[in-house]
Amino acid sequence: MQRDKSTPKDETASVTFDMGSLERYYLQDLPWHVPLEEWPENGIVPLNIRRGESRHPVMFVERSGGRYAIKETTPRMALREISSLREIERRGIPSLQPIGSVVVKEKPIALGISGPGGFEQYINSDRGYTVTRLSPRVVPHVLLFRLPFNRRNKQRLLSAIAVLMVELHEHGVYWGDPSLANILIRVDGKRILAIMADAETTEIFDGPISEGLRQQDMELFSESLAWQSEDLREARGLPESDEVLSQDDYRYFAQRYRWIRREHLLLTESTRTDTLIRAQHLLSNLNKWGFSLLSISGHTLQSFATVSPGWYHQRIKDLLGISMPRKHARRFYNLILGHQALMSERARRNISIEEAAHDWYHNYHLPAILLLRQNLTHEQDPMQAYFAIMQHKWDMSVKAGHEIHLDDAVLSWSMDHAEKGNLGEVDPADVATYWHQRESVANALEPPLIESEKLEPLLSDSQKSLVHLPPQELDSELTGILEDTRPDTGEEKE
């Protein structure tokens, strides 16, 4: 890391970068001399990314293929938070990946009043910025909080958060501000991973934190659930008597925390051999869990007719230009027929099968395949997942009385299939012990995603390339498609 100073032309602000030279090169042309809220007026087009609330101004930008989150705060807090995030990352705890900090020194602002001795009073106008790399594939809060907060979903979320809290405490990190608002959630195949997203108030110690500090963090998290519950209740228009998150939920969280803490103790008391054999054992256990280290490795629906083998496959190919596997072709064709019936009912006219097929493809099938590319792991069957998600979406829509959007259904389905948070056979922080030249631990614990080749035949020739896009480009493409296909339910688009 290095500190570089530069003064923008025709500006009075002095800008100091505390980050690597390459990242500084990418970011130095941003308009640091003005507050973050004025950046769009200075030519910066922020990324269209859904996020949660923040007490500070936050902007997402893309530079040379990299995506960054920039938060405006005070110089002292910016330096402190980045320092804390670097240490937390070094200790192998899933957290935001720190890039560095930027400090902007401005001329003090005169208050227009005199103080002791008749001297004019000034206020410090210096600004600080924390720069972190955007975490890939995390669930936006706006989407996460649309989930049905049933007992099953809440327990999976709280279990994952308990894992994160134990990891922090056992590795010497007192959080000081634990809440759902300060946690990112990623659903990876069979696992839910909680990622620390705010380190402003952390205190870091050499060993596990004291029982008193643990209790403080637990009580703070309990308080946060109370106000988060009220926010969720108001957002959903529920009566005051309804509790989205209750003390029973906190008691479940505390119980999981104690259980995972005992599990952590068993792991750390096991015999260790700090050799390549130990490293290989860790990798083997990670692979068993499905993870890999990236650096190493009312209408008539259908006229009845006798169809010959392969008819559905050929019919779908003629309609859409895609080669649906024969064993799934009839089921897929029936989805199109059902969609044709719904379209005809809504339009109050007969919709042709050709029109229905193309509408289904662009508004449902294409985004579903791209969501599978973004969320499915290599060991999962894409067509089984596809039909399961479509059925789950239908069931949710019937229950809600209106059409549930596809990304909501995918998240809900993924949550239903995820296991409760636990440590498994490997303490995630051990990843940092043996692989120093690594990506962030959150990335290292990401399971291999489904191969593009498995999904390519399910798209038309002109769109097969979409499943080969790099993650960031895929995310941008998918965001645009999902926004275009969001059904009108009387709510404003996010």
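Anything mentioned here points back to the structure above.
Residues numbered from 1 in each chain as written. Predicted model: local features only at pLDDT ≥ 70, side-chain atom pairs only at ≥ 80, totals over all residues. Heavy atoms only, no water.

Focus on the overall build of the protein chain
From N to C terminus, the protein chain includes 16 helices and twelve strands. Expressed as a percentage of the 494 residues in the protein chain, the buried residues total 52%. Of the roughly 24600 Å² of accessible surface on the protein chain, a fraction of 50% belongs to carbon and sulfur atoms. (Helix = DSSP H or I, 4+ residues; strand = E, 2+ residues; numbered from the N terminus. Buried < 20%, exposed > 50% of the residue type's maximum accessible area, 1.4 Å probe, protein only. Areas by Shrake-Rupley, 256 points an atom, 1.4 Å probe, with all protein chains shown as cover.)

Points about the packing of helix H9 (residues 326–347) against helix H11 (residues 382–400)
At their nearest, the axes of H9 and H11 sit 11 Å apart, and the two run at 25 degrees to each other. As judged from the angle between their axes, H9 and H11 are roughly parallel. When you trace H9 past H11, the crossing you get is left-handed. Note on element contacts: H11 touches H9 through Met383, Tyr386, Phe387, Met390 and Trp394, opposite His328, Arg331, Phe332, Leu335 and Leu342. (Axes fitted to C-alpha atoms, helices over the stretch in contact; angles between N-to-C directions. Parallel < 35°, antiparallel > 145°, perpendicular 65-115°, else oblique. Left-handed = near helix turned anticlockwise from the far one by under 90°. Contact = heavy atoms within 4.5 Å.)

Description of a nonpolar patch on the surface
Residues Leu342, Trp394 and Val398 make up a contiguous nonpolar surface patch of roughly 290 Å² in combined accessible area. Along the chain, valine 398 turns up in helix H11. (Patch = residues over 30% accessible without salt bridge, like charges linked within 9 Å, V, L, I, M, F, W, Y side chains within 5 Å. Salt bridge = Lys/Arg side-chain N within 4 Å of Asp/Glu carboxyl O.)

Notes on the packing of aromatic side chains
This structure, assessed with the given rule, holds 14 aromatic pairs. Measuring from ring centre to ring centre gives 6.0 Å for phenylalanine 17 and tryptophan 32, while their planes differ by 85 degrees; the resulting arrangement is edge-to-face. Here phenylalanine 17 is found in strand E2 (residues 14–19), whereas its partner tryptophan 32 is found in the loop between helix H1 (21–27) and strand E3 (58–63), with 15 residues between them in sequence. For the ring pair phenylalanine 145 and phenylalanine 149, a centre distance of 6.3 Å and an interplane angle of 65 degrees mean the geometry is edge-to-face. Three or more aromatic residues joined by ring pairs make a cluster, and in this case those are Phe17, Trp32, Trp39 and Tyr129. (Phe/Tyr/Trp six-rings, centres within 6.5 Å; stacked < 30°, edge-to-face > 60°.)

Comments concerning the nonpolar core
Here is a general trend for soluble globular proteins: nonpolar side chains tend to be buried in one another's company. In this structure, Leu144, Phe149, Leu164, Leu168, Ile185, Phe253 and Leu411 are the most contacted members of the largest nonpolar core, which totals 45 residues. The set of elements that each furnish at least two residues to this core consists of helix H2 (75–90), helix H3 (141–144), helix H4 (151–170), strand E10 (183–188), strand E11 (191–196), helix H5 (211–235), helix H6 (247–269) and helix H12 (406–417). Looking at this core, the element that brings in the most residues is H4, giving ten residues. Sequence-distant contacts of leucine 411, defined by excluding residues within four places in its chain, comprise Val139, Leu143, Leu144, Leu147 and Val187. (Core = buried A, V, L, I, M, F, W, Y, C linked by side-chain atoms within 4.5 Å.)

Here we look at the pairing of strand E8 (residues 127–133)
Among the seven residues of E8, six are classified as buried, and the element is accordingly described as predominantly covered. In the sheet, strand E4 (residues 66–73) pairs with E8 via six bridges, with the strands oriented antiparallel. Residue pairing across strands places alanine 69 opposite threonine 132, the latter belonging to E8. Taken together, the seven bridges between strand E5 (residues 97–105) and E8 define a ladder with antiparallel strand orientation. (Pairing = 2+ DSSP bridges.)

A few points about the packing of H11 against H12
Two elements in contact, H11 and H12, have axes whose closest approach is 9 Å; the angle formed by their N-to-C orientations is 110 degrees. Viewed along their axes, H11 and H12 adopt a mutual orientation that is roughly perpendicular. The residues of H12 that touch H11, namely those facing Ala385, Ala388, Ile389, Met390, His392, Lys393 and Met396, are Leu406, Ala409, Val410, Ser412, Trp413 and Asp416. Residue classes in the contact of H11 with H12 are distributed as nine nonpolar, two polar and two charged. (Nonpolar A, V, L, I, M, F, W, Y, C, P; charged D, E, K, R; others polar.)

Some points on H5
With 25 residues, H5 extends 36 Å from end C-alpha to end C-alpha; this agrees with the ideal 36 Å at 1.5 Å per step. If you check which residues of H5 are buried, you get Leu213, Arg214, Asp217, Met218, Phe221, Ser222, Ser224, Leu225, Gln228, Ser229, Leu232 and Arg233. One or two steps after H5, the chain reaches glycine 237, where phi turns positive at roughly 65 degrees. (Expected span 1.5 Å × (residues − 1).)

Quick word on the pattern of salt bridges
What the rule picks out here adds up to 26 salt bridges. For arginine 67, the salt bridge is made with glutamate 62, and the minimal N-O distance between the two is 3.8 Å. Classification of glutamate 62 as partly exposed rests on a relative accessible area of 33%. The partner of arginine 251 in a salt bridge is aspartate 248, and the shortest N-O contact between them spans 2.2 Å.

Some details on the side chain of arginine 186
Along the polypeptide, arginine 186 turns up in strand E10. In this view, arginine 186 contacts Pro136, Arg137, Val138, Arg191, Ile192, Leu193, Ala442, Asn443, Leu445 and Glu446; residues no more than four positions away in its chain are not counted.

Quick notes on the environment of proline 35
By the element assignment, proline 35 lies in the loop between H1 and E3. Owing to a relative accessible area of 24%, proline 35 belongs among the partly exposed residues under this scheme. Discounting chain neighbours no more than four positions away, the residues touching proline 35 are Glu72, Arg127 and Tyr129.

Focus: H11
End to end, H11 covers 26 Å across 19 residues, agreeing with the expected 27 Å (1.5 Å per residue, within 8%). Residues of H11 that are buried include every one of Pro382, Met383, Ala385, Tyr386, Phe387, Ile389, Met390, His392, Lys393, Met396 and Ser397, and no others. Of the surrounding secondary structure, the elements contacted by the buried residues of H11 are H9, helix H10 (353–375), H12 and helix H15 (452–455). Of the residues one or two after H11, glycine 401 is the one with positive phi, at around 85 degrees.

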